[in-house]
Amino acid sequence: MYAVGIDVSKNKSTVAIIKDGEIFVKPFSINHTDDGINLLVSKLSDIDPNDIRFVMEATGIYHFPLLIKLLDLKYFVSVENAFLLKKFFDVSLRKVKTDKLDAVKIAKYAYSNWFNLKPYCIQDSTYTDLQFLSRQYSQFMALKVKAKVNFNNLLDVIFPGFENCFNDDSNQYDFMLDVFEKFYHPSLITKLTEPEFLEQIIQINLDKKRGLRTTITKIAHELYILANSTLSARPVNESTQLICLTCVNNLRGLELATNDILTQMDSIASTLPEFNTVSAMSGVGKKTRARLIAEIGNIRKYNSASSLVASAGIDTPPYQSGNFSAIQTHITKRGNKHLRKCGYEIMRALKIVKPTNDSAVYEYILKKEAEGKNKNVCKIAGLNKFLRIYYARVSELY
């Protein structure tokens, strides 16, 4: 038995090979290139591939190039949870950490768990593409939130109270950006009469045919009064204009990017058997259905509904020692944080929509709230039930 431990880092890895519990090849480094792979394979060229098992730590994204190449070469590769490997490393009393030592420890883990290792399985390309897009959507949404915070801070400096003249509706938010782009400073409004300002606001609305005609007069009137009473900390100059326009363009770009990603995700997810079933579930909307499918992936990789719940990190394992048994335990949070976030958004949507049909999850949340539990705890309990229903309904399709 040849156990190969790979300590992965960015663009390079350290490899150790153990044969029957003893070091067979001393740890060596390889780059994530064809030459690096060829060097690794040359060390194992005289060995039957069935007697070799590779183990590497899940490192987010760094391990994927090496993983895909080894799978293409038909090797047995297991990608282990970083927490499991850390626990295995902790058996040593001395706290010594080097890449070479970590590679040896991973190889020893592979040898010790030889018969328990599970080969890494690449999901169907549809699920892989969906998850890739979902993670990028999360990154862009994080940037979008920061951009909105920056925009609000900018308004407090240049045009305090500007955002209060508009509703939170997405259509009005887009309209607000257009108005701010043209009238980013109070003095740009005060040099006009109120009828002249109203006329220009109406024209901004007509340019994109938003259908806000009934509220335009009210918005224009409030903005005109605000411009004549508010105090700006910045003068009207090129620097102020540059920052304002850059901020507006950044927000528009991020909005366009997130919408395009969701559109592409919906297009891909619509080819899957579970798309219509998931779309019909209460609380699941256009912004969450494809993301939910992407983060859960192929339902056949889960042994049970409990496995799906555990993968989201919302399971509550028992804690017992001697005569003590914990009555209340916290969720593990050792799972897919993106799935937890998407699921929480769905639970919030349920509380807003208050469904009457397919309302088992919503009624369960209300039941837990009636018991006096914290509202966030109730939502997580609802998500637990929701994932179990998801597993039951989608499993029937396969």
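Small disclaimer: the values here were computed from a predicted structure and weren't measured.

J.: Honestly, helix H16 (residues 375–395) in this entry has me stumped. Any pointers?
T.: Two residues of an α-helix separated by three or four positions point the same way, owing to the 3.6 residues in each turn. Helix length check: H16, at 21 residues, gives a terminal C-alpha distance of 30 Å against a target of 30 Å (1.5 Å per residue), a fit within 8%. Among the residues of H16, Cys378, Lys379, Gly382, Leu383, Asn384, Phe386, Leu387, Tyr390, Tyr391 and Val394 are the ones counted as buried. On its buried side, H16 packs onto helix H11 (275–279), helix H12 (289–296), helix H13 (305–311), helix H14 (337–353) and helix H15 (360–370). Its side-chain oxygen at 2.8 Å from the backbone nitrogen of Asn376, Asn374 defines the N-terminal cap of H16.

J.: Please clarify how the packing of H15 against H16 should be interpreted in this entry.
T.: The interhelical angle for the contact between H15 and H16, taken along N-to-C directions, is 150 degrees, at an axis separation of 9 Å. On the basis of their axis angle, the class for H15 and H16 is roughly antiparallel. Where H15 crosses over H16, the handedness of that crossing is right-handed. Listed contacts from H16 to Ala360, Val361, Tyr364, Ile365, Lys368 and Glu369 of H15 are Lys375, Cys378, Ala381, Gly382, Lys385, Phe386 and Ile389. Considered class by class, the residues forming the contact of H15 with H16 number eight nonpolar, one polar and four charged.

J.: Looking at this structure, I do not really get the sheet that holds strand S1 (residues 2–9). What am I missing?
T.: Paired through their backbone hydrogen bonds, the strands of a sheet run either parallel or antiparallel. Taken in spatial order, the five strands make up an open sheet running S3-S2-S1-S4-S5, and their pairing is mixed. Since the sheet does not close on itself, it has two edges, and those belong to strand S3 (22–31) and strand S5 (76–80), each with one partner. Each strand of the sheet is rotated relative to its neighbour by a mean of 20 degrees, with strand direction disregarded. Relative to strand S2 (residues 12–19), S1 runs antiparallel, the two sharing eight bridges. The residue of S2 that forms the bridge with Asp7 is Thr14.

J.: For this particular structure, what's the right way to read the packing of aromatic side chains?
T.: How two aromatic rings sit relative to each other is set out by the distance from centre to centre and by the angle between their planes. Using the criterion set out here, one finds 10 aromatic pairs in the structure. A ring pair is formed by Phe54 and Tyr75, whose centres lie 5.1 Å apart and whose planes are at 70 degrees; its orientation type is edge-to-face. In this pair, Phe54 is assigned in strand S4 (residues 52–57) and Tyr75 in the loop between helix H2 (64–72) and S5, connecting sequence segments 21 residues apart. On the accessibility criterion, Phe54 (0% relative accessible area) is buried. On the basis of relative accessibility, which here comes to 12%, the residue Tyr75 falls in the buried class. An angle of 65 degrees between the planes, with centres 6.0 Å apart, marks the rings of Phe166 and Phe175 as edge-to-face. By the burial criterion, Phe166 is buried, and Phe175 matches it. Here the aromatic residues Phe151, Phe159, Phe162, Phe166, Phe175 and Phe180 are joined through ring pairs into a cluster of three or more. In this structure, Lys43 is placed above the aromatic ring of Phe28, and the distance from its NZ or CZ to the ring centre is 5.1 Å.

Rules used in this analysis
The numbering scheme is per chain: residues are counted from 1 as the chain's sequence reads. The predicted origin of the model limits local features to residues at a pLDDT of at least 70 and limits the giving and counting of side-chain atom pairs to 80 or more, whereas totals for whole chains, interfaces and linings rest on all residues. Heavy atoms from the whole structure form the basis of all side-chain values; hydrogens and water molecules are not counted. Counting from the N terminus, the helices are DSSP H or I runs at least four residues long and the strands are E runs at least two residues long. What a helix is expected to span follows from its residue count: subtract one and scale by 1.5 Å. Burial classification: accessible surface area is computed with a 1.4 Å probe over protein chains only, and a residue below 20% of its type maximum counts as buried, one above 50% as exposed, and the rest as partly exposed. The contact definition used throughout considers only heavy atoms, calling two residues in contact when any of these lie within 4.5 Å. Here a polar contact is recorded for every N or O atom pair within 3.5 Å, except that within protein the pair must consist of a potential hydrogen donor and a potential acceptor, and residues adjacent in sequence are included only if both atoms are side-chain atoms. To obtain each axis, a line is fitted to C-alpha atoms, and for helices this fit is confined to the stretch in contact; angles are then taken between N-to-C directions over 0 to 180 degrees. Throughout this description, any angle smaller than 35 degrees is read as roughly parallel, any larger than 145 degrees as roughly antiparallel, any in the 65 to 115 degree range as roughly perpendicular, and the remainder as oblique. Handedness of a crossing is defined here by the sense of rotation of the near helix relative to the far one, left-handed for an anticlockwise turn of less than a right angle and right-handed for a clockwise turn. Residue polarity follows a fixed list, in which Ala, Val, Leu, Ile, Met, Phe, Trp, Tyr, Cys and Pro are nonpolar, Asp, Glu, Lys and Arg are charged, and the others, Gly among them, are polar. The rule for pairing is simple: two strands pair if DSSP sees at least two bridges between them. In this scheme Phe, Tyr and Trp rings, the latter by its six-membered ring, pair at centre separations within 6.5 Å, and the angle between planes marks the pair as stacked below 30 degrees, edge-to-face above 60, and tilted otherwise. We count a charge as sitting over a ring when the NZ of a lysine or the CZ of an arginine lies within 6 Å of the ring centre and within 35 degrees of the ring normal.

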